[in-house]
Each structure stands twice: as C-alpha cells, then as structure tokens.
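An overview of the molecular structure
So the chains spell out like this:
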Amino acid sequence: TKQQPVLESSTIIRLQCLTHLTDYLPVPPLQLQAHTNPLDHNPYFHPISGFYLSPTDVILRNILFDLHTSSNNNYTSGGQLELAAYHRAGPRQHIYFDPATGHVRAAIVTCGGLCPGMNTVIRELVVGLWELYGVREIFGIKAGYRGFYSDQVDDHLPLNPRMVHDLHKRGGTMLETSRGGFDLHQIVNAIQDRGYNQVYIIGGDGTMRGAVKIFDEIKLRKLNIAVAGIPKTVDNDVGIIDRSFGFQTAVEMAQQAISAAHVEAESAVNGIGLVKLMGRSTGHIALHATLSSRDVDCCLIPEMEFYLEGKGGLFEFLESRLKENGHAVVVVAEGAGQNLIPRTEEQIQDKDESGNPVFLDVGGWLKSELKKWWARDHPKELFTVKYIDPTYMIRAVPANATDNLYCTLLAHAAIHGAMAGYTGFVCGPINGNYGYIPVQEVAEAKNVVDTNDHKWAWVRSVTNQPDFART
Ligand code: ATP
Ligand code: MG
C-alpha cells in the first residue's frame, strides 16, 4: 500500500438502467408529479440526511482488484476498465404513487416450487405496503400466474396485516403456487381489468422469464403498472445477486439429512449413506452442505461429470473408503449424472407443465447401480445403501432467522422501488448492498458452481474425492 491505487481515466461505469413509469407513460407532466414520501410523517422514522436514496446512489459489481497491478477481470480488450453499476434499493424522497389518494392497488403472486421464506416475503409485502405507505388494497393471487385469469372468484384474495401476521413461522406459500398456466394476454388483461398498478412476482428463473414478458406487454400497452420481481430459488442459481432467499435454510436442513445418512452408514456393515439434494443445474446446496457437514466422502454436482466404473471412478473410490472406514457418505445433487442414466424415448420427450425437462431420480438410479456393483464384485460380503431424499422436507420448512430477515429486507426493497415508480426490476443484494436489477438481466444470468474456484478445491480437500478427469 505504499502507492495509492488510482482508477484510471479510462474507467467506464456502466449503469444498468432501470425503467421508470415516466419513461413510457404518455400522460401530461402534471399527472406524473412526484409526491412526498409518507415516511416523512411516519412516527417510527426520522428521515435524516442520507435516509432517502437518489438515482445516483449505485453499487458497483465485480470490484475485486489487485492493488499491485491495479488490475481486475473487467478490462475490455481496448484496455478500458468497465464496471457494472446498479441503482441502490431503498426509500426515495419523492414517490410516484400517491397512497394518500388511495391510488395503489397491489397484487402479489408466487410461482414455481416451494422455497423457505416465500411466506415471509408475502407477509412483509403486505405489512410493509400497509404500514410504510398506507396501502389498503392488497391482493394475493392464488396458485401462480394462472390465478390472474382463473374464473374462481376467490383467486384474488384481499390481504391485510392481520391475515399474515404469523406467516413467517409457516413453510410453503399461503397463496399456493403452480407451474405452467402462463397465458400472457389473459394475465395482462386481468391485471388491467382489476386495476392493479403494482404487481409483485415471487418466483424462480421461469417465473422471471414470464415477468419479462408481462413487463414488456405492459409497456407496449402503456399501462401505469409497476412490475417488481423477487427471485425465489432454493438452489441459489440466480446470477448477479449474492444469494437467493431460502438457501441458507436449505443448507441447514440438508446437513440434518447428511447426519442421518452418516449414522445409518456407520451402523451398517459396509454401509453407504446416499443423500440427494436439490440443485437441478447448480450444486450450491450440495457443495455448502458438504463443506459444513464434514461427514461427506463424495459430493457430486451437475457442474462436474463423473463416472462409476474403472480407474478413478466412483466405485473404486467407495471401495477404498469402505475398506478404510467401513462406511461412506455420498451427496448427489438432483441434476448431477443426468447424462449417465438410461432414458426411454418417452422420458427424453417428457416435460413438466412449465416446459422444463423432467429430471430422472439420480439417487434411485445410483442406489441400484451401487447394489449391482457390490453384488457382482463382492457377492459374499454384506452391503447396505441407505438412500435419503429430503427434498420436500427441506422445501417445506419455514425460513430460519437469517433468511427471515433477508426476506424482510427484500420485500421492503421491492416496495420502495415500486412506490418510487420503478418497474421491470428485481431486487437483491449485490456485494452486500441491496440493489435494483433489470428483470431481463436476472432472467438471463445464471450462478453456477465454478469447479476451478477455491471453494470446490476445498470440497475436494475435505472429501479427498476423485476429480473424475479421465486421463
Ligand atoms: P423453480 O425455482 O421452482 O424452478 P420457476 O419459476 O423456474 O421456479 P417454473 O415452473 O419453471 O418455475 O415457472 C413458473 C411459472 O413461470 C409458470 O407459470 C411458467 O408457465 C412460467 N414460465 C416459465 N418459463 C417461462 C417463459 N420462458 N416465458 C413465460 N413464462 C414462463
Ligand atoms: Mg426453474
């Protein structure tokens, strides 16, 4: 640090522009005037300087530097340093929607699979809108996107703080969720007909791709409706943001399953404990649970190919572990080894209601392969595989303390953004600070496990498992 590093003059800060309702609404300027934030008069807040954020408050992403070479990974081929910046999430002094005139009508929808914390986000959206901004018309859309246009009368459920007060202690989603049922025109028609002007969408990658389409259609129709996304994925596979809600709860629960598998394996002769964890395209849960549990002998994730037979394969490795310790624990992420499992033509074509490929049960397949291998190579020796699939147990639990707090901050960030008139955004932490990200960007970005990263090297040093690189 003898030398003070300086940002070169060629540094470019690329602001990831958010859309504001005033960007496309063809209304006379008077109607677009800003209103004073009611937090000014909220007895619990004493807005001091710095309380409100302005559009110039940003977070820089990818800010790792080497002070010696003053280099980082974001240099363009022309030698310019390019840093992506995102608007910070938080209350704005002037807001676009005026709650005093009763002009806000909000809808909340949850889609995709369950994830710990969904109920907390719903609760905090309702309580936050009600208490912070005085909104009184808040509706929960039942059973995912299809609930917008279903003909069930109670599919637009009026919500108030009393109805949701203990929701953070319950797993699941009180609004129910579903896959499929995405009919863009019917959804936007329903939003328009019902007079919603703020739509909060809680869901995973598929849901966010749907949110992009809804946002685009709303812009096309020039509607005065803010669309805010809250990324929900227990797998932590969303890019840009630091982590997604429910992930830490999932890792904690996954550890309990690993402990049980370990006990089962230890208590058997040549016992193998096999645990399948969530992670269709990414192995974050398997990786984090392996690192924190230390009971795992081998961790298999979708980002890494593996094989069973021959030198350096899984069977050879497990054979040596059984010889050494008498037991072994294997963790496999849902999406690992999908290319190894034989599929019928029907299974190749099979898709779920949302059009996602159907994953075959890698745990069940592995269990049967392990048994066949042992019976073939050691017909006279005892052997047991105890297979645990805790998926639905993990997804259904309430969020832990950390995730509950995180969900609260996410919900508040979404509310402040929508009230300020931003639209087509997703909120989430970037380098520890909450920011607004264009929904399009989140729908495309993916967070995968980097098998060249120190974290994966650490897994390999903890487990001493093979690298499955065929030589
Ligand atoms: P999970 O984390 O559980 O996978 P997800 O949001 O990805 O959550 P999906 O079942 O894939 O779950 O999608 C949820 C909703 O989003 C469904 O209503 C589905 O029809 C809709 N959806 C998925 N992909 C798209 C897409 N490309 N365009 C529009 N809507 C989509
Ligand atoms: Mg998905």
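**Focus on the pattern of salt bridges**
- Applying the stated rule across the entire model yields 17 salt bridges.
- Between E124 and R123 there is a salt bridge, with the nearest N and O atoms lying 2.8 Å from each other.
- A relative accessible area of 9% places E124 in the buried class.
- Residue class for R123 comes out buried when judged on its relative accessible area of 17%.
- E264 is the salt-bridge partner of K386, the closest N and O atoms lying 3.5 Å from each other. Remark: E264 occurs in helix α6 (residues 247-266) and K386 occurs in strand β15 (residues 384-388); sequence separation between them is 122 residues.
- Through salt bridges with shared partners, one network takes in K276, D361 and D389.

**So, the confidence of the model for the protein**
- Taken over all residues, the pLDDT of the protein has a mean of 91, while the share at 70 or more is 93%.
- Here the complex is predicted with pTM 0.93, and the ipTM for its interfaces comes to 0.99.

**Quick word on α6**
- If you check α6, its first and last C-alpha atoms are 28 Å apart, about what 20 residues at 1.5 Å a residue would give, namely 28 Å.
- Considered for burial, the residues of α6 that qualify are F247, T249, A250, V251, M253, A254, A257, I258, A261, H262 and A265.
- Buried positions along α6 lie against β12 (271-277), α7 (284-293), β14 (327-333), β15, α11 (391-395) and α12 (401-419).

**Considering the site of ligand 1**
- Around ligand 1 sit 17 residues, and of these G113, G180, D205, T207 and S354 come closest.
- The contact in question runs from an oxygen atom of ligand 1 to an N or O atom on the backbone of G180, over 2.6 Å.
- Note that an oxygen atom of ligand 1 is positioned 2.4 Å from one of the side-chain N or O atoms of T207.
- Across the complex, the protein chains shield 85% of the 630 Å² of accessible surface that ligand 1 would expose by itself.

**A look at the nonpolar core**
- If you look at the biggest cluster of nonpolar residues, it comprises 142 residues, and the most contacted ones within it are I108, L125, F148, Y200, F245, L277 and L300.
- Look past the residues within four positions of I108 in its chain and what remains in contact with it is I122, L125, V126, I138, F139, G140, I141, L159, L175, Y200 and I202.

**Observations concerning the side chain of Q338**
- Locating Q338 in the fold gives a position in the loop between β14 and α9 (345-349).
- Judged by relative accessible area, which is 13%, Q338 ranks as buried.
- With sequence-adjacent residues up to four places away left out, Q338 is seen in contact with R343, F359, L360 and V362.

**Some points on the packing of aromatic side chains**
- Inspection of every chain in the model, using the stated rule, returns 14 aromatic pairs.
- Ring geometry for F315 and W373: centres 4.6 Å apart, planes at 5°, overall stacked. Of this pair, F315 sits in helix α8 (residues 314-325) while W373 sits in helix α10 (residues 362-377), and the two are 58 residues apart along the sequence.
- Measuring from ring centre to ring centre gives 6.2 Å for Y406 and Y434, while their planes differ by 55°; the resulting arrangement is tilted. A residue pair is termed long-range when its members are at least 10 positions apart, and Y406 in helix α12 and Y434 in strand β18 (residues 433-438) qualify at 28 residues.
- These aromatic residues form a ring-pair network of at least three members: F315, W373, W374 and F383.
- The positively charged end of R243 is found above the aromatic ring belonging to Y406, 4.4 Å away from the centroid.

**Digging into the sheet that holds β15**
- Spatially, the four strands line up as an open sheet ordered β13-β14-β12-β15, and their pairing is parallel. Looking along the sheet, the strands with just one partner apiece sit at the ends: β13 (298-300) and β15. Taken over all neighbouring pairs, the strand axes of this sheet differ in orientation by 15° on average, direction set aside.
- Looking at chain direction, β12 and β14 are connected through seven bridges and run parallel.

**Section: the environment of S259**
- With respect to the element layout, S259 can be found in helix α6.
- On the accessibility criterion, S259 (34% relative accessible area) is partly exposed.
- In this structure the C-alpha to C-alpha distance between S259 and I415, which are 156 residues apart in sequence, comes to 40 Å.

**Focus on helix α5 (residues 205-220)**
- Here α5 contains 16 residues, and its C-alpha end-to-end distance of 23 Å stays within 8% of the 22 Å for a straight helix at 1.5 Å per residue.
- Following α5 by one or two positions, K222 adopts a phi angle in the positive range, close to 50°.

**Observations concerning the pairing of strand β10 (residues 198-203)**
- Buried residues dominate β10, accounting for six of its six residues.
- Side chains of β10 alternate between two faces, with Q198, Y200 and I202 and V199, I201 and G203 buried alike.
- Bridging between strand β7 (residues 105-110) and β10 involves five bridges; their strand directions are parallel. Opposite V109, over in β10, you have I201 as the bridge partner.
- Both β10 and strand β11 (residues 226-231) contribute to a ladder of six bridges, which runs parallel. Residue pairing in the sheet places V199 in a bridge with V227 of β11.
- Of the crossover connections in this fold, the one passing from β10 over α5 to the parallel β11 is right-handed.

What counts as what
- Residues numbered from 1 in each chain as written.
- Chains lettered and ligands numbered in written order.
- Predicted model: local features only at pLDDT ≥ 70, side-chain atom pairs only at ≥ 80, totals over all residues.
- Heavy atoms only, no water.
- Salt bridge = Lys/Arg side-chain N within 4 Å of Asp/Glu carboxyl O.
- Buried < 20%, exposed > 50% of the residue type's maximum accessible area, 1.4 Å probe, protein only.
- Helix = DSSP H or I, 4+ residues; strand = E, 2+ residues; numbered from the N terminus.
- pLDDT = per-residue confidence, 0-100.
- Expected span 1.5 Å × (residues − 1).
- Contact = heavy atoms within 4.5 Å.
- Near = heavy atom within 4 Å.
- Polar contact = N/O pair within 3.5 Å; in protein donor to acceptor, adjacent residues only side chain to side chain.
- Areas by Shrake-Rupley, 256 points an atom, 1.4 Å probe, with all protein chains shown as cover.
- Core = buried A, V, L, I, M, F, W, Y, C linked by side-chain atoms within 4.5 Å.
- Phe/Tyr/Trp six-rings, centres within 6.5 Å; stacked < 30°, edge-to-face > 60°.
- Lys NZ or Arg CZ within 6 Å of the ring centre and 35° of its normal.
- Pairing = 2+ DSSP bridges.
- Axes fitted to C-alpha atoms, helices over the stretch in contact; angles between N-to-C directions.
- Right-handed = clockwise from strand over helix to strand, strands pointing away.

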